[in-house]
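A closer look at the structure
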Amino acid sequence: MSCLCRLLFTYLFLALLLHGLGEGSALLHPESRSHPRSLEKSAWRAFKESQCHHMLKHLHNGARITVQMPPAIEGHWVSTGCEVRSGPEFITRSYRFYHNNTFKAYQFYYAGNRCTSPTYTLIIRGKIRLRQASWIIRGGTEADYQLHNVQVICHTEAVAEKLSQLVNNTCPSFIPAGGAWVQDIPYDLWREEDGCECTRAMNFAMHELQLLRVEKQYLQHHLDRLVEELFLGDIHTDASQRTFYRPSSYQPPLQNAKNHDHACIACRIIHRSDEHRPPLLPPKADLTVGLHVNHMKVTPMDAATASLLNVFNGNECGAEGSWQVGVQQDVTHTNGCVALGIKLPHTEYEIFKMEQDASGRYLLFNGQRPSDGSSPDRPEKRATSYQMPLVQCASSVPRAEDFSEDHRAHQFGSHASGRSPCPQFLAILTCLLTLLHWNVLR
């Protein structure tokens, strides 16, 4: 199963949050009480005719995705757009891996989330050695790396002055007296041969190289066109913890500059860039949203999930021992569901961004979950970086009458406090999460 498909399962909580988004939010489920196995089949058949199911089927089969084990990483890999790391930091990446296991990586940093105003670039050289398949992340490969040299080059005089002060404050006397940095000149932050090191001033680490995954796929409408993607380990959401953190998930993938989606304009721009000519990308926009959840219903869609929910006693997740496959239950009176890690009432402070990919599809990004497993339940914990995006599968909420008479569906109720997001946004978000609801719970 591809990394993107597996990541769909991480959105269970967000799918359930839909009940707090406001009037008009809807998820569909089957109205049936027959044998659990037939209920699963009925629920799935009710969804099969929709555009969302068509796209989900494509994710599983139509894309012809294969995972290389061990991964062949030799080549040039580039970002597919402007990436956002916690902080926030706005970055594009261009990594080259060579046949002798050495690598050279560019990390281009920007002043804003459009990646149109470059501030500085890190040039990282080192060596990487692949190890065993990951025991924690199925389909991933663990690796060790060694840094040889890390340099920084500033693209404005103001940034050069600011960074030189930051480095000297962090590592006193690292920059000799009278040696203030200037624009367009590379300066060492790490030299292996003499122990020169002050990368902590930049909260820099390359631990993303400790977890790798390479996927190959042939595009659905261009079966002769190969696209290769390199997934590297995630970055800790707390910048101060980056040097201690071993990745447990992935960043947005890099694409092979030789075998990339030809519609990816950013790929071509970044491929041609270097430390003296940082890439300038087309502009994008984002949207922030607060989610308040005070009402929730759950429908287990398979026997394993129903059994899990029946394990919990008392007032922890609905009526004790009452869960059945395909039967919806309101868990508001038990203040949520301990089994799903959700307590009501519950407020999370989110950030959303909508973009179009190279193929013109709408993408919805939501905030990256804190790496320490906590909840963004206070304004100061609002995410400053994003998870992997969801793909829009429909432009309006599916209606019950769109399904067959034998598998008629009805809508979940929804109540929210305060103002709700714009209707157009809700419609798009609802359809995205409907896809995830069916995929996760079946």
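Owing to the predicted nature of the structure, the values given are computational and were not obtained by experimental measurement.

Examining the side chain of H295
Counting through the fold element by element, H295 comes out in the loop between β14 (287-293) and β15 (297-298). Reaching out from H295, the side chain makes a polar contact with the side chain of D330 at a distance of 3.3 Å. Within the structure, the side chain of H295 is placed 3.3 Å from the side chain of T332, a separation counted as a polar contact.

A closer look at empty space enclosed by the protein
Applying the stated criterion to the full structure yields three cavities of 30 Å³ or more. Of the voids in this model, the largest cavity is the one considered here, and its volume is about 120 Å³. Residue classes in the lining of the largest cavity are distributed as seven nonpolar, four polar and five charged.

Remarks on the confidence of the model for the protein chain
Chain-level pLDDT for the protein chain is 77 on average; 72% of the residues reach the 70-or-more range. Confidence over residues 1-34 falls short of pLDDT 50; this stretch has 130 contacts with residues more than four positions distant or in other chains.

Some details on the state of the cysteines
Applying the stated criterion across every chain, the model contains four disulfides. Disulfide partner of C264: C267, at an S-S distance of 2.2 Å. Taking the sign of the S-S torsion, 80 degrees for the link of C264 and C267, the bridge is right-handed. Comparing C264 with C267 shows no difference in burial state: the two are buried. Sulfur-sulfur distance for the disulfide between C317 and C337 comes to 2.0 Å. For the disulfide bridge between C317 and C337, the dihedral angle about the S-S bond is near -85 degrees, and by the sign convention the bridge is left-handed. Within this pair, whereas C317 is found in the loop between α7 (303-310) and β16 (329-330), its partner C337 is found in strand β17 (residues 336-337), the two being separated by 20 residues in sequence. Both residues of the pair, C317 and C337, count as buried.

Quick look at the pairing of strand β19 (residues 346-356)
Inspection of the sheet shows β19 paired to strand β20 (residues 362-366) by five bridges, in the antiparallel sense. The partner of Q356 across the bridge, within β20, is Y362.

How each quantity is defined
Residue numbers restart at each chain and count upward from 1, following the sequence in its written direction. Given that this is a predicted model, residues contribute local features only at a pLDDT of at least 70 and side-chain atom pairs are listed and counted only at 80 or more, while totals for whole chains, interfaces and linings are drawn from all residues. Hydrogens and waters are ignored; side-chain quantities use all the structure's heavy atoms. Secondary structure elements are taken from DSSP: a helix is a run of H or I of four residues or more, a strand is a run of E of two residues or more, and numbering for both begins at the N terminus. The definition of a polar contact used here is a pair of N or O atoms within 3.5 Å, where within protein one atom must be able to donate a hydrogen and the other to accept one, and adjacent residues in sequence count solely through side-chain atom pairs. Cavities and pockets were defined on a 1 Å grid built over protein atoms only: a cavity is a set of grid points that admits a 1.4 Å probe from which the probe cannot escape, a pocket is an open set flanked by protein on both sides within 12 Å along at least five of seven lines, and lining residues are those with an atom within 4 Å of any such point. Grid points are joined across faces, edges and corners, and a volume is the space filled by probe spheres set on the points. Side-chain classes are defined by residue name, with Ala, Val, Leu, Ile, Met, Phe, Trp, Tyr, Cys and Pro counting as nonpolar, Asp, Glu, Lys and Arg as charged, and the others, Gly among them, as polar. pLDDT: the predictor's confidence for each residue, scored from 0 to 100. Should any heavy atoms of two residues lie within 4.5 Å, those residues are counted as being in contact. The disulfide definition used here is simple: a pair of cysteine sulfur atoms within 2.5 Å. Categorising residues by exposure relies on relative accessible area from a 1.4 Å probe, with only protein chains included: less than 20% of the type maximum marks a residue as buried, more than 50% marks it as exposed, and the intermediate range marks it as partly exposed. In this description, strands pair whenever DSSP reports at least two bridges between them.

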